[in-house]
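Fold and contact review
So you can see what is in the structure, the chains are spelled out below.
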Amino acid sequence: SEEVNVKQQSTGNIWQGHFPRENTEEDGFKTTSPVGSYSPNSFGLYDMIGNAWEWVDDWWTVSHSPDGSPPPTGEEKVKKGGSFMCTKQYCYRYRCEARTKTSADTTGLNVGFRCAKSL
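As the structure is a prediction and not an experimental result, all values here were calculated from the model.

So, about the pattern of salt bridges. Following the criterion strictly, the structure yields two salt bridges and no others. Of the charged contacts, one joins Lys77 and Asp57 as a salt bridge, the two residues approaching to 3.9 Å between their closest N and O atoms. With a gap of 20 residues between them, Lys77 in strand β2 (residues 76–80) and Asp57 in strand β1 (residues 53–59) connect regions that are remote in the sequence. The class for Lys77 is buried, based on a relative accessible area of 12%. Among the salt bridges present, the one from Lys101 reaches Glu76, with a minimum N-O distance of 3.8 Å. Of this pair, Lys101 sits in strand β3 (residues 99–103) while Glu76 is found in strand β2, placing the two residues 25 residues apart along the sequence.

In structure tokens:
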């Protein structure tokens, strides 16, 4: 089906159409999509971009220390990966390495978090 073709071509749930007036829902989703709706990346991880910005444990800083570690404290948290509201017309950040800041008390339909387990 056409919906399957769009999902196979995309690696995550992002806005289709002209933001914010029209989401054509070419991928079948008006807002967030269920986990696993798209194929995993080469590491076997699902939903690393789009769908919902993901809070991470890091405190925000413009640039990391020379060893790459985040600051031990701060006022704003890091969120990564973009959301279903990302589009080239508005928020061109639906990439794994995309990062931005948010207050530690921010909530919204396009903000979530990722659970991970060390094996």
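Having put the structure on the table, let's press on.
Okay, the layout of surface pockets next. By volume, the largest pocket is sized at about 380 Å³. Taken together, 19 residues make up the lining of the largest pocket; nearest its centre are Val35, Tyr46, Asp47, Glu54 and Arg114. Tallying contributions element by element places strand β4 (residues 111–113) first for the lining of the largest pocket, with three residues. Of the residues in the lining of the largest pocket, the class split is 10 nonpolar, six polar and three charged.

Taken in spatial order, the four strands line up as β3-β2-β1-β4 in an open sheet, and their pairing is mixed. Of all the strands in the sheet, just β3 and β4 have a single pairing partner and so form its edges. Averaged over all pairs of adjacent strands, the angle between strand axes in this sheet comes to 50 degrees, irrespective of strand direction. For β1 and β2, the ladder comprises three bridges, and the chain directions are antiparallel.

What counts and what doesn't
- Residues numbered from 1 in each chain as written.
- Predicted model: local features only at pLDDT ≥ 70, side-chain atom pairs only at ≥ 80, totals over all residues.
- Heavy atoms only, no water.
- Salt bridge = Lys/Arg side-chain N within 4 Å of Asp/Glu carboxyl O.
- Helix = DSSP H or I, 4+ residues; strand = E, 2+ residues; numbered from the N terminus.
- Buried < 20%, exposed > 50% of the residue type's maximum accessible area, 1.4 Å probe, protein only.
- 1 Å grid on protein atoms, 1.4 Å probe; cavity = no way out; pocket = protein on both sides within 12 Å on 5 of 7 lines; lining within 4 Å.
- Points joined across faces, edges and corners; volume = space filled by probe spheres on them.
- Nonpolar A, V, L, I, M, F, W, Y, C, P; charged D, E, K, R; others polar.
- Pairing = 2+ DSSP bridges.
- Axes fitted to C-alpha atoms, helices over the stretch in contact; angles between N-to-C directions.

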